[in-house]
Amino acid sequence: MNKTAEYQPGVCNIGPAEIRRRRMSGWVGLAIAAVFLVVAFALGWAAPWRLLVAAPVFLAAQGFLQAAFRFCVGFASRGLYNFGQLGTEETVYEAEFRKKDQRKALLITVLAFAIAAVVALVAFFIPVG
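Keep in mind that what you see is a predicted model, and the values were worked out from it rather than measured. (Residues numbered from 1 in each chain as written. Predicted model: local features only at pLDDT ≥ 70, side-chain atom pairs only at ≥ 80, totals over all residues. Heavy atoms only, no water.)

> Which parts of the structure should I look at to understand the pattern of salt bridges?
Two side chains of opposite charge can pair, provided their charged atoms sit close to one another. Scanning all chains against the criterion turns up 3 salt bridges. The shortest N-O distance in the salt bridge between Arg21 and Glu18 comes to 4.0 Å. Within this pair, Arg21 and its partner Glu18 are both found in helix H1 (residues 16-42), separated by 3 residues, close to a single helical turn. Judged by its relative accessible area of 0%, Glu18 falls in the buried class. Note that Glu96 and Lys100 form a salt bridge whose closest N and O atoms lie 3.7 Å from each other. Highlighted residues: Glu96 and Lys100, both in helix H5 (residues 95-125), separated by 4 residues, approximately one helical turn. Taking relative accessible area as the criterion, Lys100 reaches 32% and is therefore assigned partly exposed. (Salt bridge = Lys/Arg side-chain N within 4 Å of Asp/Glu carboxyl O. Helix = DSSP H or I, 4+ residues; strand = E, 2+ residues; numbered from the N terminus. Buried < 20%, exposed > 50% of the residue type's maximum accessible area, 1.4 Å probe, protein only.)

> Even after reading the chapter, I still don't get the side chain of Asn82, so can you show me in this structure?
Structurally, Asn82 can be placed in the loop between strand S1 (80-81) and strand S2 (90-91). Classification of Asn82 by relative accessible area gives buried; the value is 1%. Looking at Asn82, its side chain comes within polar contact range of the main-chain oxygen of Gln85, at 3.0 Å. With sequence-adjacent residues up to four places away left out, Asn82 is seen in contact with Asn13, Ile14, Gly15, Glu18, Phe75, Gly87, Thr88 and Glu89. (Polar contact = N/O pair within 3.5 Å; in protein donor to acceptor, adjacent residues only side chain to side chain. Contact = heavy atoms within 4.5 Å.)

> Please explain a nonpolar patch on the surface as it appears in this structure.
Residues Met24, Trp27, Val28, Leu30, Ile32 and Leu59 make up a contiguous nonpolar surface patch of about 560 Å² in total accessible area. In terms of residue count, H1 provides more of the nonpolar patch than any other element does, 5 residues in total. Topologically, Val28 is positioned in helix H1. A relative accessible area of 40% places Val28 in the partly exposed class. (Patch = residues over 30% accessible without salt bridge, like charges linked within 9 Å, V, L, I, M, F, W, Y side chains within 5 Å. Areas by Shrake-Rupley, 256 points an atom, 1.4 Å probe, with all protein chains shown as cover.)

Now the structure itself:
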């Protein structure tokens, strides 16, 4: 994969600082999911309650996928990109570029949802006790 340092519509809309931020949110989501599952299984929570692990797994998947794709879903929805310091976003003015960004954001969101659903279903079907 080509490592770029500039905005490419539908391909790359964040630089190193923003990528680190997304990766960190992935680790936070993963940690929350792990703690949730340890507590859920240790306390013998009923299967439907274990489905709630989907929320932190979604957060983790979104973070890791955004870091891997070098692409921020939130920026795409607001027509922004950032390759500088945190908080120095720039605007995407071209409608065609915004559409490409929104398609990429949708792909990342769908992938994160799919990952969260699979993990939640696995947690649901693991027998307790």
